[in-house]
Amino acid sequence: MELVGIARLAASGELLAAKRTVKYFELPTRRLLNRTSERMPFQWTINPYRGCEFGCVYCYARYTHEFMELDAVRAFERKIFAKRFVAAGLAAELRKISRKDWIAIGTATDPYQPAERRFEVTREILKVFGAGRGRRLSITSKSDLVLRDLELLQEIARANILHVNFTLTTMDQKLARLLEPRATRPELRIASARRLAQAGIQVGIFSNPIMPLLTDSEQSLDAVAGAAAEAGATFLASGLLFLKPCARQVFLPFLERHFPRLAPEYERLYRTGAFLGGEYAKRVRERLQRVRARHGLRDAPLEYAPELWEPEPEQASLFEPAGAVRSS
Ligand code: SF4
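Thresholds applied
Residues numbered from 1 in each chain as written. Predicted model: local features only at pLDDT ≥ 70, side-chain atom pairs only at ≥ 80, totals over all residues. Heavy atoms only, no water. Near = heavy atom within 4 Å. Nonpolar A, V, L, I, M, F, W, Y, C, P; charged D, E, K, R; others polar. Axes fitted to C-alpha atoms, helices over the stretch in contact; angles between N-to-C directions. Helix = DSSP H or I, 4+ residues; strand = E, 2+ residues; numbered from the N terminus. Parallel < 35°, antiparallel > 145°, perpendicular 65-115°, else oblique. Left-handed = near helix turned anticlockwise from the far one by under 90°. Contact = heavy atoms within 4.5 Å. Phe/Tyr/Trp six-rings, centres within 6.5 Å; stacked < 30°, edge-to-face > 60°. Expected span 1.5 Å × (residues − 1). Pairing = 2+ DSSP bridges. Salt bridge = Lys/Arg side-chain N within 4 Å of Asp/Glu carboxyl O. Buried < 20%, exposed > 50% of the residue type's maximum accessible area, 1.4 Å probe, protein only.

(A) Region of the structure containing the site of the ligand. Taken together, Cys 52, Phe 54, Gly 55, Cys 56, Tyr 58, Cys 59, Ala 108, Thr 109, Asp 110 and Lys 142 make up all the residues around the ligand. A class-by-class count of the residues in the shell around the ligand yields six nonpolar, two polar and two charged.

(B) Region of interest: the packing of helix α5 (residues 121-130) against helix α6 (residues 150-159). Running from N to C, α5 and α6 cross one another at 30°; their axes reach a closest spacing of 9 Å. Put simply, α5 runs roughly parallel to α6. Every pair of crossing elements has a handedness; the one defined by α5 and α6 is left-handed. On α6, the residues that touch Arg 123, Leu 126, Lys 127, Phe 129 and Gly 130 of α5 are Leu 152, Leu 153, Glu 155 and Ile 156. Looking at the contact of α5 with α6 residue by residue, the classes come out as five nonpolar, one polar and three charged.

(C) View of the packing of aromatic side chains. Tallied over the full model, the rule gives ten aromatic pairs. Among the aromatic residues, those joined into a ring-pair cluster are Phe 251, Phe 254, Phe 259, Tyr 266 and Tyr 270.

(D) Here's a closer look at helix α8 (residues 186-198). The end-to-end C-alpha distance of α8, which contains 13 residues, comes to 18 Å, matching closely the 18 Å that a straight helix rising 1.5 Å per residue would cover. Those residues of α8 hidden inside the fold are in contact with α6, β9 (161-167), α7 (173-179), β10 (202-206) and α9 (218-231). The positive-phi residue at the C-terminal boundary of α8 is Gly 200, with phi of around 90°.

(E) Broad picture of the sheet that holds β10. Strands sit in the order β3-β4-β7-β8-β9-β10-β11 across an open sheet of seven strands; the sheet is mixed. The open sheet has two free edges, formed respectively by β3 (34-35) and β11 (235-237), since each of these has just one partner strand. Strand direction decides the pairing type here: strand β8 (residues 136-141) and β9, joined by six bridges, are parallel. When the sheet's bridge partners are listed, Ile 139 is paired in β9 with Val 164.

(F) Spotlight on the pattern of salt bridges. Considering all chains together, one arrives at 17 salt bridges under this definition. Ionic pairing is found between Glu 116 and Arg 148, a salt bridge with its closest N-O pair at 2.6 Å. One end of the pair, Glu 116, is in helix α4 (residues 115-119); the other, Arg 148, is in the loop between β8 and α6, and 32 residues separate them in sequence. Classification of Arg 148 as partly exposed rests on a relative accessible area of 31%. One salt bridge in this structure joins Asp 149 and Arg 123, with 2.6 Å as the shortest N-O distance. Of this pair, Asp 149 sits in the loop between β8 and α6 while Arg 123 sits in helix α5, placing them 26 residues apart in sequence. Take Asp 149: its relative accessible area is 0%, and that puts it in the buried class. The class for Arg 123 is partly exposed, based on a relative accessible area of 23%. Salt bridges linked by common partners bring Glu 116, Glu 120, Arg 123, Arg 148 and Asp 149 together as one network.

Following this line, the structure appears as C-alpha cells:
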C-alpha cells in the first residue's frame, strides 16, 4: 500500500532515539495549530508529540496513530513522534488567528511526557508565546516536568491569559499506577500545581475521565477536589469516561485483569455507545457541584487581566482584577 500524507511523513521520520521498548522519531510539521470543533471550549489545539508514553488505559487519543497507519494500541505508547517545526512559522500561524481564540496545548497527547526531557518541543513552542502578548493559552499535563518551564510560564502569564491544568483522576496512588502506569504520581502533580499557583500562575485540575465504580464516588472526587483547593487551583473540571473503540480495546482487558467483577458492568453501561448520559451522568454532575462548593472551586478558569495585557477595547470589562488568581 502506498502511504500518503502524515502516514508517509511518519514512515520516513528519522529515528531520534530508542529507550528500551520506546522509540522516538522526528515528524516534520508545517502547521502546528489545529482548528477544533465548535463544541470545544477552545478554538485551536497544539500537540507537540504524536503518541504518548504515559500509556493511560483509558486514553482515547490512541486512534491518532491510525492516521499514520500505525497500531493504536501498542505503537501509540511505543513509537513517539516529536514534531519538528520552525518558530517563525508558528509565529506566522498565530498572526493569522484572532486574539480572542483560546489555544490549548496538550489535548491529544501529553506535552510534558518523557520525550520532552530530550527534545524540548513544548519548550520551543512556549518560547514563541513568550515573545508575544495578548493570547489565551491553556496547557494540560500529568507531569511534574512542567516545573522545568516555570520561569517561561511566568513570562507568558505576564502578557497572556494562561492556565496550566493537571489531570488527576484519583488521589489513590495504587489505583493511579494501574490506570496511568508511567505518569507522574498524583501527589507530585498536586505539588507541581501548588508550586505554579504560588508563582502566580492560574492552575486548574481536570478529574478526567471519571470512571464508573472506580473514581466516581463522592469520596474519591472529594479527595481530588480537596487536594486541588489546598494546592491553590482555581477550578475543577471533569467529564465521564469516553470509550472509543481504540480505548475499549485497552480498557476492557484491563478491567478483566484487575477488576474482573466490573467488566460485565462496563459492558452493560457502554453497550449502546462510547458516551454515558442519562440519570448516571446527572448524578455525577451533582456530586461534582457539591465537592466544588465544599472546596470553593469554580467549574471553569478565570479570565483575568495580565500585567502586560493590551485588551481590545470591547474586551476590557470581561476581566477579573489581575490579583484574582494569585493564591498567595
Ligand atoms: S497522558 Fe493523556 S495522552 Fe498520554 S496516554 Fe494518558 S490520556 Fe493519553
